[in-house]
Each structure stands twice: as C-alpha cells, then as structure tokens.
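# Architecture at a glance
Residue-level listing of the chains:
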Protein chains: 2
Amino acid sequence: MVKYSDQALDRTFAALADPTRRALLARLGKRDSLSVSELAQPFSMSLPAIMKHLDVLSDAGLVARAKTGRVVACRLTAAPMEQAMEWLNRYQRFWSDNLDRLAAFVEEDS
Amino acid sequence: MVKYSDQALDRTFAALADPTRRALLARLGKRDSLSVSELAQPFSMSLPAIMKHLDVLSDAGLVARAKTGRVVACRLTAAPMEQAMEWLNRYQRFWSDNLDRLAAFVEEDS
C-alpha cells in the first residue's frame, strides 16, 4: 500500500476547507471538463479570485488544468480525496458510538 | 436528513489540515479519554501550543473537554468527521475512474 505523506493530507484538507473551492469541485463533478470561465460563471466572484481558488485546488492535486489555445480546461482529479477518506474512515466507529457515553462525560464538567 | 452547514465543513476540514491536530485525534482514538498533559506528552511542542491546537479541534466539535478539579480530560467526538466523509463520498466514483482518460486530457496541454 502506498504511504501518503502528511503534507499531501494537509493540502487536501486545507483545499477542502473553503465553500467556494468545494463548490468548484462539485461543478467539476458534474461535467467531464469545464473551461475556467464556464466554471467561474455562477460565482459572484472575480475571475482572478476564482483562479486563485483553482491554484489551491491544483496544488492539492484536486484539479488538473490543460490549455488548448486560449482556453484552459479544468477537470476533477479526485485521487487525493481517497487518502482523506481513508484517514477519516479509521474514526468511523467513533461517530456511531453511543452518544449517552459522551453526554455522561461532558456532564462530569463542574 | 440533517442539513449540515458549509461553516461546519469549513471548520472540520481546516481542523484536519494540520499533522499535529491529526496526531492528537489519533491519540484520542486509542483511549477513552486523556488529560491534556497526557495528550501533549509525546509531542515536542509547548503545552500552550498543544492547547491552541485543542482549541481548534474543540471549535470544530472534534474534541470535547471536561474539567475535574485541575485536570482537563479530552475525548474524541468524531461526529463532524461523518459529515466530511459524506461530502467526500460523493466523489468516490471519480477516483476509481480510468487514469488513462486523465492522462489523455493532460496530454492535450501543448
């Protein structure tokens, strides 16, 4: 099994910690690829601001960009999400834990 | 189904975007609860620095703290991770996608 670095997880989680970036990924999840201007279209945000978000997503490996003439096409590259999910998956048993135990713990606070 | 706010996801992903915070959660995942000093013990970091990380985790709802006398006990509260996982889960089909298609897309770059 491939050992994924802490830095990759840092970048993935940080990239996902923004609603605009998650919305960009959601848009890319619905299409095979989109140009930067098509991607930016529904957002009430300047194109440079969108491009900065795309830079963060691209640095995290979540978006691939390919230039054809003057058009930059963007595509979702979800592989880093798998590593994030694998990390989260280890905690699955905790969120199905009995909430009563937690309530009892918090009630100890006096 | 409960509708989780963007802000909650922002906080969860941002809290997870740091290797020390992920390591703190991993330590809490192994024990029912740990005092702050027990938690801090293996880290080459000051106690105030660890406590700042715990604040971030607590703000994100990932750690619960309960004070008994002078001892603050910490406990993993993994529920926000479930929401993060649900978000990521929607993209699962993309990371099992044929990588050749992506390679072809990137090669269009000229």
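Residues numbered from 1 in each chain as written. Chains lettered and ligands numbered in written order. Predicted model: local features only at pLDDT ≥ 70, side-chain atom pairs only at ≥ 80, totals over all residues. Heavy atoms only, no water.

## Re the interface of chain B and chain A
Heads up, the condition is: The criterion used for residue contact is that any of the two residues' heavy atoms lie within 4.5 Å. When two parts are brought into contact, each loses some accessible area as probed by a 1.4 Å sphere; the total of that loss over both is the buried area. Salt bridges are defined by distance alone: a side-chain nitrogen of Lys or Arg within 4 Å of a carboxyl oxygen of Asp or Glu. Pairs of N or O atoms are called polar contacts if they sit within 3.5 Å, as long as, within protein, a hydrogen donor faces a hydrogen acceptor (for residues adjacent in sequence, only side-chain-to-side-chain pairs). The way it works is that DSSP assigns letters per residue, a run of H or I at least four long becomes a helix, a run of E at least two long becomes a strand, and they are numbered from the N terminus.
On the side of chain A, 46 residues touch chain B, which itself brings 47 residues to the contact. Summed over both partners, the interface of chain B with chain A buries about 4,000 Å², with 68% contributed by carbon and sulfur atoms. The interface formed by chain B and chain A includes 4 salt bridges. Its salt-bridge partner being Arg22 of chain B, residue Asp6 of chain A comes within 3.6 Å of it at the nearest N-O pair. Applying the counting criterion to the chain B and chain A interface returns 8 residue pairs in polar contact (both at pLDDT 80 or more). Among the secondary structure elements, those contributing two or more residues to the side of chain B that touches chain A are helix 1 (6-16), helix 2 (19-30), strand 2 (63-68), strand 3 (71-76), helix 5 (79-89), helix 6 (92-95) and helix 7 (99-107) of chain B.

## Describing the confidence of the model for chain A
Caution is warranted with low-pLDDT regions, since their predicted coordinates should not be read in detail. For the record, the criterion: Think of pLDDT as the predictor's per-residue confidence, scored from 0 to 100.
Of the residues in chain A, 84% have a pLDDT of 70 or more, and the chain-wide mean is 87. Complex prediction metrics read pTM 0.84 and ipTM 0.84.

## Concerning the packing of aromatic side chains
Think of a pair of aromatic rings as described by two things: how far the centres are apart, and how the planes are tilted against each other in angle. Put simply, the test is: Centres within 6.5 Å are what make two rings of Phe, Tyr or Trp a pair, Trp counting through its six-membered ring; a difference in plane orientation under 30 degrees is then read as stacked, over 60 as edge-to-face, and the rest as tilted. Three labels apply to residues, based on accessible area from a 1.4 Å probe with only protein chains included: buried if under 20% of the type maximum, exposed if over 50%, partly exposed otherwise in between.
Within this structure, the stated rule accounts for 7 aromatic pairs over all chains. Relative to Trp87 of chain A, the ring of Phe13 of chain A has its centre 6.1 Å away and its plane inclined at 80°; by these criteria the two rings are edge-to-face. In this pair, Phe13 of chain A sits in helix 1 (residues 6-16) while Trp87 of chain A sits in helix 5 (residues 79-89), placing the two residues 74 residues apart along the sequence. For the pair Phe13 of chain A and Trp87 of chain A, a shared accessibility class is recorded, and that class is buried. Feature note: the residues Phe13, Trp87, Tyr91 and Phe94 of chain A together with Phe13, Trp87, Tyr91 and Phe94 of chain B constitute an aromatic cluster, connected by ring pairs.

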